[in-house]
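Each chain is listed here by its residues.
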Amino acid sequence: MDDTAQTATAIEQMILSAARLIKDGSILMVGTQWPIIVSLLAKRLHAPNITICYEGGVVLGKVPDRIPLLTADPSVNSSSTLLGGILDTLGMVLHGGRADLAILSGASVDRYGNINTTCIGDYNSPKIRFGGSGGACDFGSLASRTIIVLEHDKRRFPEKVDFITTPGYLNGKDSRARAGLKPNTGPYAVVTTLGLFRFDEEGEMILTAYNPSSSIQEVKDNVQWDLKIDDNVKPLLPPSNEELKVLREQIDPQGMYLRNERFLEGKPISM
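Anyway, here's the lowdown on the structure attached to this text.

Thresholds applied
- Residues numbered from 1 in each chain as written.
- Predicted model: local features only at pLDDT ≥ 70, side-chain atom pairs only at ≥ 80, totals over all residues.
- Heavy atoms only, no water.
- Disulfide = S-S within 2.5 Å.
- Helix = DSSP H or I, 4+ residues; strand = E, 2+ residues; numbered from the N terminus.
- Expected span 1.5 Å × (residues − 1).
- Buried < 20%, exposed > 50% of the residue type's maximum accessible area, 1.4 Å probe, protein only.
- Core = buried A, V, L, I, M, F, W, Y, C linked by side-chain atoms within 4.5 Å.
- Contact = heavy atoms within 4.5 Å.
- Phe/Tyr/Trp six-rings, centres within 6.5 Å; stacked < 30°, edge-to-face > 60°.
- Lys NZ or Arg CZ within 6 Å of the ring centre and 35° of its normal.
- Pairing = 2+ DSSP bridges.
- Axes fitted to C-alpha atoms, helices over the stretch in contact; angles between N-to-C directions.
- Left-handed = near helix turned anticlockwise from the far one by under 90°.
- Nonpolar A, V, L, I, M, F, W, Y, C, P; charged D, E, K, R; others polar.

Tallying each qualifying case throughout the model produces zero disulfides. In this structure Cys-119 is not part of a disulfide, and its nearest cysteine sulfur, from Cys-137, lies 14 Å away.

Structure follows, in structure tokens:
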């Protein structure tokens with residue numbers, strides 16, 4: 001890997017760290033917003049043989065000429081190997097048990113990896129109402145593993161989310177099976193602008209690496225529970241100059257994600 005003279009933003013570090021978790025050859029169910037750029041970057045950098053599936057029926061064959069802002073963006077049509085309907089991807093791929101990985105964002109996520117994209121406050125009288133699930137509940141319920149990508153703000157990391165749109169480990173690792181979900185599925189990692197989290201044997205989030213520009217204490221200060229810290233916690237590997245060049249010049253040269261004020265303010269968009 002080449003030198004890292006260029007400085008990555010926290011958003012760029014988040015995107016690169018999440019992309020590195022994707023293995024070549026995997027079949028992905030990809031949600032809207034950050035999951036789009038994460039998966040396309042992985043395909044361009046190190047995982048050319050991944051299959052990227054969008055809820056509405058698109059299977060991408062290559063990285064689009066213009067990065068899509070939504071999974072239904074017309075820019076994906078000419079890059080598709082399959083331009084079908086919801087039964088093709090959400091049905092035959094995900095419900096058919098073929099999805100290795102789901103990638104999702106969210107408004108908030110709690111200590112057991114439950115995702116909320118529905119509302120803040122009481123469901124019947126919320127302070128804020130979001131777009132809701134789309135296919136996100138199916139993604140988190142049925143894919144073998146789930147990666148969650150979102151900007152880090154203390155308000156977005158409550159001990160318990162106000163509404164479980166997408167199940168993580170619910171109240172602990174065994175609770176997925178008790179709820180009728182397939183064993184050995186669930187959240188694999190949470191990647192934020194402050195760090196990388198995995199899940200321990202109890203299904204609880206644990207910090208395994210932090211952004212080089214951050215610190216363990218800053219991460220702990222920005223969750224609403226007593227966060228577990230891995231014994232081998234360390235700084236994340238910064239992006240190389242080549243990785244940043246691909247991200248900035250090939251994947252998102254117009255800054256549709258990297259300089260999008262709505263995204264950078266952390267305003268969630270539903271699937």
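Once the structure has been displayed, the description carries forward.
When the terminal C-alpha atoms of helix α2 (residues 34-45) are compared, their 17 Å separation across twelve residues agrees well with the 16 Å that a helix rising 1.5 Å per residue should span. Burial within α2 is extensive, with ten of its twelve residues counted as buried. Of the positions making up α2, those classed as buried are Trp-34, Pro-35, Ile-36, Ile-37, Val-38, Ser-39, Leu-40, Leu-41, Ala-42 and Lys-43.

Position of Gly-31 among the secondary structure elements: in the loop between β1 (27-30) and α2. Judged by relative accessible area, which is 1%, Gly-31 ranks as buried. Spatially, the C-alpha atom of Gly-31 lies 5.1 Å from that of Leu-104, the residues being 73 residues apart in sequence.

Another point: the nonpolar core. Counting 41 residues, the largest nonpolar core has Ile-15 and Ile-37 as its most contacted members. It is α2 that provides the largest number of residues to this core, a total of seven residues. Ignoring sequence-local partners within four residues, the contact set of Ile-37 consists of Ile-15, Ile-67, Leu-247, Ile-251, Asp-252, Tyr-257 and Leu-258. Counting 30 residues, the second-largest nonpolar core is a separate cluster that includes Val-59, Ile-148, Met-205 and Leu-227.

Turning next to the packing of aromatic side chains. The tally for this structure, following the rule as stated, stands at four aromatic pairs. With centroids separated by 6.2 Å and ring planes inclined at 55°, the aromatic side chains of Trp-34 and Tyr-257 adopt a geometry described as tilted. Here Tyr-257 lies in the loop between α7 (241-251) and α8 (261-264) and Trp-34 lies in helix α2, a separation of 223 residues in the sequence. Per residue, the accessibility class of Trp-34 equals that of Tyr-257, and both read buried. Measuring from centroid to centroid gives 5.2 Å for Tyr-123 and Phe-163, while their planes differ by 25°, and the two rings are stacked. Here Phe-163 lies in the loop between β10 (145-149) and α5 (175-178) and Tyr-123 lies in the loop between β8 (119-122) and β9 (125-129), a separation of 40 residues in the sequence. Accessibility expressed as a relative area gives 29% for Phe-163, which makes it partly exposed. Across from the ring centre of Tyr-123, 4.6 Å away, lies the NZ or CZ of Arg-129, which sits over that ring.

With that settled, the discussion passes to the side chain of Ser-39. Inspection of the secondary structure assignment puts Ser-39 in helix α2. Judged by relative accessible area, which is 0%, Ser-39 ranks as buried.

The next point concerns the pairing of β10. Taking burial as the measure, the five residues of β10 include four buried ones, the bulk of the element. Two strands pair when backbone bridges link them, and strand β5 (residues 101-104) and β10 are joined in this way by four bridges, in the parallel orientation. Looking at β10, one finds that Ala-102 is bridged to Thr-146. Alignment of β10 against strand β11 (residues 187-191), held across four bridges, turns out to be parallel. Bridging from a neighbouring strand, Ile-147 pairs with Ala-189 of β11.

This next bit is on the packing of α2 against α7. Where α2 meets α7, the axes come as close as 11 Å, and the angle between the chain directions of the two elements is 115°. For the element pair α2 and α7, the recorded crossing hand is right-handed. Residue-level inspection shows Ile-37, Leu-40, Leu-41, Arg-44 and Leu-45 of α2 in contact with α7, the latter providing Glu-243, Val-246, Leu-247, Gln-250 and Ile-251. Within the contact of α2 with α7, the residues separate by chemical class into seven nonpolar, one polar and two charged.

Okay, the pairing of β11 next. Most of β11 sits out of view: four of its five residues are buried. Inspection of the sheet shows β11 paired to strand β12 (residues 195-199) by two bridges, in the antiparallel sense. Bridge pairing in β12 links Val-190 to Phe-197.

Moving on, we get to α7. All buried positions along α7 are accounted for by Asn-241, Glu-243, Leu-244, Val-246, Leu-247 and Ile-251. Where α7 is buried, its residues touch α1 (10-19) and α2.

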